[in-house]
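Listed below are the residues making up each chain.
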Amino acid sequence: MSDLLERLRGRGWRMTAQRRVVAEVLDGEHVHLTADEVHARAVAKLPEISRATVYNTLGELVTLGEVLEVSTDRRAKRYDPNAHRPHHHLVCARCGSIRDVHPTGNPLADLPDSERFGFTVSDVEVTYRGLCPNCTSA
């Protein structure tokens with residue numbers, strides 16, 4: 001069973017066939033699929049699943065805090081099941097591929113008080129940009 005499925009079962013989330021398929025599609029490391037990609041993969045496993053069901057399920061998973069909605073550029077939002085381990089993203093500027101990265105240090109501590117402008121900072125999102133190996137060699 002996937003980590004996401006285990007977390008959802010632990011929360012007592014009602015596991016319909018459609019919800020299970022969406023969770024299975026999102027399982028794995030470095031998964032950052034668009035809703036359309038989730039739908040296409042879900043249809044391959046459960047042909048009768050509708051686009052609306054996929055979008056609604058993704059929305060529920062985000063609301064539950066079990067999936068992150070990632071927007072790294074002007075492209076479609078992506079869904080990241082790595083919601084419980086703090087991480088940043090490395091994004092290819094050409095093809096848009098995304099990898100989770102776990103640098104050491106505390107980015108909250110890197111922001112000096114003089115640059116907080118009175119904000120109480122509770123979260124940091126860091127996106128590193130560059131070219132992936134495939135795009136570098138292309």
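Residues numbered from 1 in each chain as written. Predicted model: local features only at pLDDT ≥ 70, side-chain atom pairs only at ≥ 80, totals over all residues. Heavy atoms only, no water.

A closer look at the overall build of the protein
Phase 1 of the analysis: Along its length, the protein carries 5 helices and 6 strands.
Phase 2 of the analysis: Each helix and strand of the protein, ordered N terminal to C terminal, gives the series α-α-β-α-α-β-β-β-β-β-α.
Phase 3 of the analysis: Expressed as lengths along the three principal axes of its C-alpha atoms, the size of the protein is roughly 55 × 45 × 25 Å.
Phase 4 of the analysis: When each of the 138 residues of the protein is scored for burial, the buried share is 33%.
Phase 5 of the analysis: Pairs at least 24 residues apart make up 44% of the contacts formed inside the protein by residues separated by at least 6 positions.
Phase 6 of the analysis: For the protein, the accessible surface area stands at approximately 8700 Å², while carbon and sulfur atoms represent 50% of it. (Helix = DSSP H or I, 4+ residues; strand = E, 2+ residues; numbered from the N terminus. Buried < 20%, exposed > 50% of the residue type's maximum accessible area, 1.4 Å probe, protein only. Contact = heavy atoms within 4.5 Å. Areas by Shrake-Rupley, 256 points an atom, 1.4 Å probe, with all protein chains shown as cover.)

Concerning the packing of helix α1 (residues 3–10) against helix α2 (residues 17–25)
Phase 1 of the analysis: Contact pair α1 / α2: the axes reach a minimum separation of 8 Å and the direction vectors enclose 140°. On the basis of their axis angle, the class for α1 and α2 is oblique. On α2, the residues that touch L4, L5, L8 and R9 of α1 are R20, A23 and E24.
Phase 2 of the analysis: When grouped by side-chain class, the residues that make up the contact of α1 with α2 number 4 nonpolar, no polar and 3 charged. (Axes fitted to C-alpha atoms, helices over the stretch in contact; angles between N-to-C directions. Parallel < 35°, antiparallel > 145°, perpendicular 65-115°, else oblique. Nonpolar A, V, L, I, M, F, W, Y, C, P; charged D, E, K, R; others polar.)

Here's the deal with the layout of surface pockets
Phase 1 of the analysis: By volume, the largest pocket amounts to about 630 Å³.
Phase 2 of the analysis: Together, 27 residues line the largest pocket, and H87, H88, D123, V124 and E125 are the ones closest to its centre.
Phase 3 of the analysis: Elements with a minimum of two residues in the lining of the largest pocket: β2 (68–70), β4 (88–92) and β6 (127–130).
Phase 4 of the analysis: The element best represented in the lining of the largest pocket is β2, accounting for 3 residues.
Phase 5 of the analysis: A class-by-class count of the residues in the lining of the largest pocket yields 10 nonpolar, 12 polar and 5 charged.
Phase 6 of the analysis: Counted as a void, the second largest pocket has a volume near 220 Å³.
Phase 7 of the analysis: Lining the second largest pocket are 14 residues, and of these D3, G28, E29, P81 and N82 sit closest to its centre.
Phase 8 of the analysis: Considering every element that reaches the lining of the second largest pocket, the biggest residue donor is α1, with 3 residues. (1 Å grid on protein atoms, 1.4 Å probe; cavity = no way out; pocket = protein on both sides within 12 Å on 5 of 7 lines; lining within 4 Å. Points joined across faces, edges and corners; volume = space filled by probe spheres on them.)

Regarding α2
Spacing of three or four residues puts side chains on the same side of an α-helix, whose turn is 3.6 residues.
Phase 1 of the analysis: Of all the positions in α2, only R19, V21, V22, A23 and V25 are classed as buried.
Phase 2 of the analysis: Residues of α2 that are buried make contact with α1, β1 (33–34), α3 (35–45) and α4 (51–64).

A short note on the environment of V126
Phase 1 of the analysis: Residue placement: V126 occurs in the loop between β5 (98–101) and β6.
Phase 2 of the analysis: In this structure, the C-alpha to C-alpha distance between V126 and R78, residues 48 residues apart in sequence, is 16 Å.
Phase 3 of the analysis: Not counting chain neighbours up to four residues away, the residues in contact with V126 comprise H88 and H89.

Some details on the pairing of β4
Phase 1 of the analysis: Along β4, 4 of the 5 residues are buried, which leaves the element largely enclosed by surrounding structure.
Phase 2 of the analysis: Bridge analysis of β4 against β5 gives 4 bridges, and the strand direction is antiparallel. Among the inter-strand pairings, H88 is bridged to a residue of β5, identified as V101.
Phase 3 of the analysis: Between the antiparallel neighbours β4 and β5 lie 5 residues, among them G96 with a positive phi of about 85°.
Phase 4 of the analysis: Pairing analysis gives 4 bridges linking β4 to β6, with the strands arranged parallel. The residue bridging H89 from the neighbouring strand is T127, located in β6. (Pairing = 2+ DSSP bridges.)

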